[in-house]
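# Coordinate analysis (summary)
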Amino acid sequence: YVAAEGGAGVSRRVDAWHRGVDVPENLYYCRTPLLLSSKQEIGALRASIAALPEIPVLIIIDTLSQTFSGDENSSSDIATYLRMLNSELRAAFNCTVLVIHHTGHSATERPRGSSAITANVDFLLGCYRSDSEGMNARLDVTKQKDGDLVKGMHFDLIRHVLGKDNEGDEVSSLVAEFHDSVASIRKNHRGGKYEQHILKMLGEKGSCTESELRHGVKNVFNISLDAASMGVRRTVTDLKNALRIEETTSGAWKMAD
């Protein structure tokens with residue numbers, strides 16, 4: 001685990017992992033900031049990994065922006081960086097290399113920067129947490145080059161207290177604990193005022209675009225189109241997170257299978 005971002009707290013996170021989930025003992029992490037777009041520094045990382053008592057099956061780079069000296073928006077710079085990770089780490093140790101990267105502010109469904117990031121990887125995972133989900137997170141597989149996409153996986157974010165500091169304050173960290181209980185997500189779901197009408201429209205028509213839902217809510221509740229748009233957007237997001245509706249290939253919404 002190359003902790004180029006947040007390296008000061010990674011030991012605390014690892015301690016929490018060992019308390020909260022089944023973490024293998026042979027987990028090694030590097031807190032030294034490295035530029036893996038540099039041949040010298042990625043070579044030093046490769047040599048350090050080769051000196052470990054066993055060959056890794058997974059190398060995690062956290063994050064792209066902290067280990068990359070090029071332009072995120074340049075397809076050429078990104079392709080060169082990913083090519084170096086591929087040759088110096090993945091191929092060298094015949095393992096998976098997972099690069100953590102942030103999404104943009106306006107497009108949370110895709111990685112920030114050049115589209116070459118998506119084009120040049122074998123799989124793409126998206127991790128999301130909305131305000132309506134509280135301390136829950138969802139992991140989606142948005143690209144899988146050599147296999148089928150799987151449905152989103154949900155995790156509870158559990159706080160573990162590790163001890164106290166010199167001033168007596170609690171020292172803690174989070175652990176993501178997997179759960180596959182759709183019922184628990186729906187149990188914690190609080191429906192909004194427009195929910196039943198939206199579900200009724202989807203049940204009757206099979207699928208509806210957001211425009212159709214907006215106009216339906218506007219007419220039934222006798223509100224402005226702007227107010228209906230805001231209410232539908234929030235309700236659709238909540239229903240999607242609760243796994244009650246899903247998006248169709250044509251961009252409309254339908255009841256979840």
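Whatever comes next refers back to the structure up there.
Quick caveat, the model's predicted, so the values are computed rather than measured.

## A closer look at unusual backbone geometry
A negative phi angle is the norm for most residues apart from glycine, just as the trans form is the norm for most peptide bonds. Of note, the bond from Asp 62 into Thr 63 is cis; its omega dihedral lies within 30 degrees of zero at 10°. With respect to the element layout, Thr 63 can be found in the loop between β2 (58-62) and α3 (75-93). Even without being a glycine, Asn 222 presents a positive backbone phi close to 55°. For Asn 222, the location among the structural elements is in the loop between α7 (210-221) and α8 (225-241).

## Considering the packing of helix α2 (residues 39-50) against α3
Following both chains from N to C, one finds α2 and α3 inclined at 10°, their axes separated by 10 Å at the closest point. With respect to each other, α2 and α3 are oriented roughly parallel. Residues Lys 39, Ile 42, Leu 45, Arg 46, Ile 49 and Ala 50 of α2 touch α3, and the partners they reach there are Met 84, Leu 85, Ser 87, Glu 88, Leu 89, Ala 92 and Phe 93. When the residues that make up the contact of α2 with α3 are grouped by side-chain class, the tally is 9 nonpolar, 1 polar and 3 charged.

## A look at the nonpolar core
Formed by 24 residues in total, the largest nonpolar core has its most connected members in Leu 36, Ile 59, Ile 61, Tyr 81 and Leu 89. Contributing elements (two or more residues each) for this core: α2, β2, α3 and α4 (116-119). The dominant element in this core, judged by the number of residues it contributes, is α3, at 7 residues. By size, the runner-up hydrophobic cluster in this structure holds 14 residues, among which are Ile 198, Leu 199, Leu 213 and Ile 245.

## Concerning the pairing of β2
In terms of burial, β2 is a largely internal element, 4 of the 5 residues being buried. One ladder, built from 2 bridges, connects strand β1 (residues 2-3) with β2; its direction is parallel. Within β2, the residue paired with Val 2 across the bridge is Ile 61. The sheet contact formed by β2 and strand β3 (residues 96-100) spans 5 bridges and is parallel.

Thresholds applied
- Numbering of residues starts from 1 in every chain and runs along the sequence as written.
- Only residues with pLDDT of 70 or above have their local features reported here, since the model is predicted, and side-chain atom pairs are shown and tallied only from 80 upward, although totals for entire chains, interfaces and linings are computed over all residues.
- Heavy atoms from the whole structure form the basis of all side-chain values; hydrogens and water molecules are not counted.
- Numbering of helices and strands runs from the N terminus; a helix is a DSSP stretch of H or I covering at least four residues, while a strand is a stretch of E covering at least two.
- Lines fitted to C-alpha atoms define the axes, with helix axes restricted to the stretch in contact, and inter-axis angles between N-to-C directions lie between 0 and 180 degrees.
- Angular relationships are summarised with four words: roughly parallel below 35 degrees, roughly antiparallel beyond 145, roughly perpendicular across 65 to 115, and oblique for the angles in between.
- What makes two residues a contact is simply this: any of their non-hydrogen atoms within 4.5 Å.
- Amino acid classes used here: Ala, Val, Leu, Ile, Met, Phe, Trp, Tyr, Cys and Pro are nonpolar; Asp, Glu, Lys and Arg are charged; the rest, including Gly, are polar.
- Definition of nonpolar core: a set of buried residues of the types Ala, Val, Leu, Ile, Met, Phe, Trp, Tyr and Cys, connected through side-chain atoms within 4.5 Å.
- Throughout this description, buried means an accessible area under 20% of the type-specific maximum (1.4 Å probe, protein chains only), exposed means over 50%, and partly exposed covers the range between.
- Strands pair, by our definition, only if DSSP identifies at least two bridges between them.

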